[in-house]
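Report on the structure
Listed below, chain by chain, are the residues.
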Amino acid sequence: MYIFSFLLESLFSAFMKLRPEAVEKITVRLDMEITRAVKNWRHFARELKVAPEVIESLKWYGTFSPTANVFDNLEFTKPDLTISTLKEVFTNIGRNDLKQLLDRVFKAEDDGEKVTTVLDKVPLTDIALGLDRFKGPTANWEDFAMHKMIGVAKNRGEVHQFGSPQLEDPTAQLFQYLETKRSRLTLGELYDVLSSDSVKRPRTAKRLIDPNVEESSWRSRFVKTVIAPESDLLREISRDLNRKVPGTGDWKTVASKFEIRYKDYIQFENRKEKRSPTREVLDKVVSDRPQIAILEIVQALGNIERQDVIEVIKEELGVEDLTQAMRNLIRDKEDAAVILPDSSVSPGPSGSDEPSGSIAPVGPTWSNGQENQPQVFLSYQWDIQAKVIELKRKLELNGLTCWMDRDRMGPGDELKGEIEHGISHCKVFISCMTKKYCTSEMCQREANLACNRKKHIIPMLFEKFDSWPPQGSLGMVFPDTLYLRLPGGILTNEKFEELLKKIMEFVPPQNE
């Protein structure tokens, strides 16, 4: 479980570089603006303290899901649609995966519930992801919309109105225009236009009503003071008017009713290059906060109740119980400055998969007389101890203080202070890399701690690696780190001089 804690403390920037497919899954889910009940990239950005002006600049780039648009339409065209019917439709179009998804959420006794009354429980994000992305032989949102039990479209021509997600929000631009050109436009005038025979959007018109005041009072209010940019009311109106519904008008009809010239309002729907607002947010956060950890991203997702996105990260990290790992990490952070093993951990015999043990008790005098200030921390797996001892000897002959444990390992509580002291005070952290090193929890723990302490890390490859960085959690520690390869695991004079030159970039010899 502790290795999972260190994974959570790893840099999210490394996760983005090494797990591009996972980042794509995250952005697709958060970009999609489904319903108000499902929080999206905007809420995520606010949790990460992204500046409001940045969020505002990205507002045009959210993805309008055609499946979500179909469900929006069903709210008033099929208000009596039940969960049972929805399951039957998914079965009929050969999407048993989505039928099973509903089975996991709703029990048999819930089948009679109307979809409109339990919409907050419907896994709409997963349904939208399942229907939006498919074409050809696999039934998609178009087949769903044209199914006789759904009936929101009779043919491909009609179904097109729900697709082609808007890359901009023309309705929002329309209201910006009205604020400038018709600054004294009232809610009453807007209500009458939306309810007119040419627009036929009574549901949208009802959004303007304030039930707490007299009709004359809310009708006399200016539109610009009520329908503010980025307001929830504007988003709801945009969702209605940006989508074409047979037999009704859309934002273009409203613009025409307010006598806006075609050549002016047609500019509102100019398309911009598709960008992912979630990706933009992540890039901005990592740029401004390069040390942000995976844990903070997961916590932000938890705060906006996006467990489906957390699951993506969980799968990539291979954590079976991410919630428990987070609790352990937060609890241990309160108890100590670093995450360390239980006091029951002790060094294994030669050949065991135990820690490098590059540790001596706090407060000793080091081999060249300098107290408590090791310049080089040697991290290794027990099998190559003899080679690391020889490396330590050569480094000390060149005036460098080294931290390496050979036969002493303090009890648990003492060990906590020793590891933090050793890694926190060293100038250079050397990872003596072998395949066993990469699978040792203690070695991974030391490397992650060095990374989090922003130490200069030099990986020395005592064995041949087929690829670099290595697989597993260390891939996020060494994504951009240059390594020193030792052919046959032998530290030749030439390779030692190369290592010494690298070390001297960060620390001069103590005896000079």
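Residues numbered from 1 in each chain as written. Predicted model: local features only at pLDDT ≥ 70, side-chain atom pairs only at ≥ 80, totals over all residues. Heavy atoms only, no water.

Named according to an unreviewed UniProt entry, the chain is TIR domain-containing protein originating from Pocillopora damicornis.

Within a sheet, each strand pairs with its neighbour through backbone hydrogen bonds, oriented either parallel or antiparallel. As summarised here, the arrangement of the 5 strands in space is S2-S1-S3-S4-S5, forming an open sheet in which the pairing is parallel. Two strands close off the open sheet at either side, each with one partner strand: strand S2 (402–403) and strand S5 (484–485). With 2 bridges joining them, strand S4 (residues 456–461) and S5 adopt parallel strand pairing. Paired with Met460 across the strands is Leu484, a residue of S5. Running at roughly 170 degrees to strand S1 (residues 376–379), helix H24 (residues 385–397) makes contact with S1, S2, strand S3 (428–433) and S4 of the sheet. (Pairing = 2+ DSSP bridges. Helix = DSSP H or I, 4+ residues; strand = E, 2+ residues; numbered from the N terminus. Contact = heavy atoms within 4.5 Å. Axes fitted to C-alpha atoms, helices over the stretch in contact; angles between N-to-C directions.)

Applying the stated criterion across every chain yields a total of 3 cavities of 30 Å³ or more. Taken as a whole, the largest cavity spans an internal volume of roughly 120 Å³. Listed by contribution, the elements that provide at least two residues to the lining of the largest cavity are helix H12 (170–181) and helix H16 (223–226). Here the lining of the largest cavity is built from residues that sort into 8 nonpolar, 2 polar and 3 charged. (1 Å grid on protein atoms, 1.4 Å probe; cavity = no way out; pocket = protein on both sides within 12 Å on 5 of 7 lines; lining within 4 Å. Points joined across faces, edges and corners; volume = space filled by probe spheres on them. Nonpolar A, V, L, I, M, F, W, Y, C, P; charged D, E, K, R; others polar.)

All right, on to the pairing of S4 then. With 5 of 6 residues buried, S4 is to be regarded as a mostly interior element. The pairing of S3 with S4 spans 6 bridges and is classified as parallel. By the bridge assignment, Phe429 is partnered in S4 with Ile457. (Buried < 20%, exposed > 50% of the residue type's maximum accessible area, 1.4 Å probe, protein only.)

Glancing now at the nonpolar core. Phe12, Phe15, Phe44, Leu301 and Ile313 are the most contacted members of the largest nonpolar core, which totals 33 residues. Among the elements of the structure, helix H2 (12–18), helix H3 (20–31), helix H4 (41–47), helix H5 (52–57), helix H20 (277–288), helix H21 (294–303) and helix H22 (307–317) are those that each provide at least two residues to this core. Setting aside anything within four residues of it in sequence, one finds Phe15 in contact with Ala22, Val23, Ile26, Ile294, Ile313, Glu316, Leu317 and Met476. (Core = buried A, V, L, I, M, F, W, Y, C linked by side-chain atoms within 4.5 Å.)

What follows concerns the packing of H12 against helix H17 (residues 232–241). One can describe the packing of H12 onto H17 by two numbers: an axis separation of 8 Å at closest approach and a directional angle of 120 degrees. Relative to H17, the element H12 lies oblique. Residues Thr171, Ala172 and Phe175 of H12 form the contact with H17, whose participating residues are Leu234, Ile237, Ser238 and Leu241. Residues of the contact of H12 with H17, tallied by class, amount to 5 nonpolar, 2 polar and no charged. (Parallel < 35°, antiparallel > 145°, perpendicular 65-115°, else oblique.)

The next point concerns helix H13 (residues 187–195). The complete set of buried residues in H13 reads Leu187, Gly188, Leu190, Val193 and Leu194. In this structure, the buried residues of H13 make contact with H12, helix H14 (202–206), helix H15 (215–219), H16, H17 and helix H18 (251–257).

This next bit is on the environment of Gln373. As for its placement among the helices and strands, Gln373 is situated in the loop between helix H23 (322–335) and S1. Accessibility expressed as a relative area gives 40% for Gln373, which makes it partly exposed. Spatially, the C-alpha atom of Gln373 lies 6.7 Å from that of Cys426, the residues being 53 residues apart in sequence.

Moving on, we get to the pattern of salt bridges. In total, this model carries 22 salt bridges according to the counting rule given. The partner of Asp283 in a salt bridge is Arg279, and the shortest N-O contact between them spans 3.1 Å. Highlighted residues: Asp283 and Arg279, both in helix H20, separated by 4 residues, approximately one helical turn. Within the structure, one salt-bridge network assembled from shared partners comprises Lys87, Lys99, Asp103 and Asp111. (Salt bridge = Lys/Arg side-chain N within 4 Å of Asp/Glu carboxyl O.)

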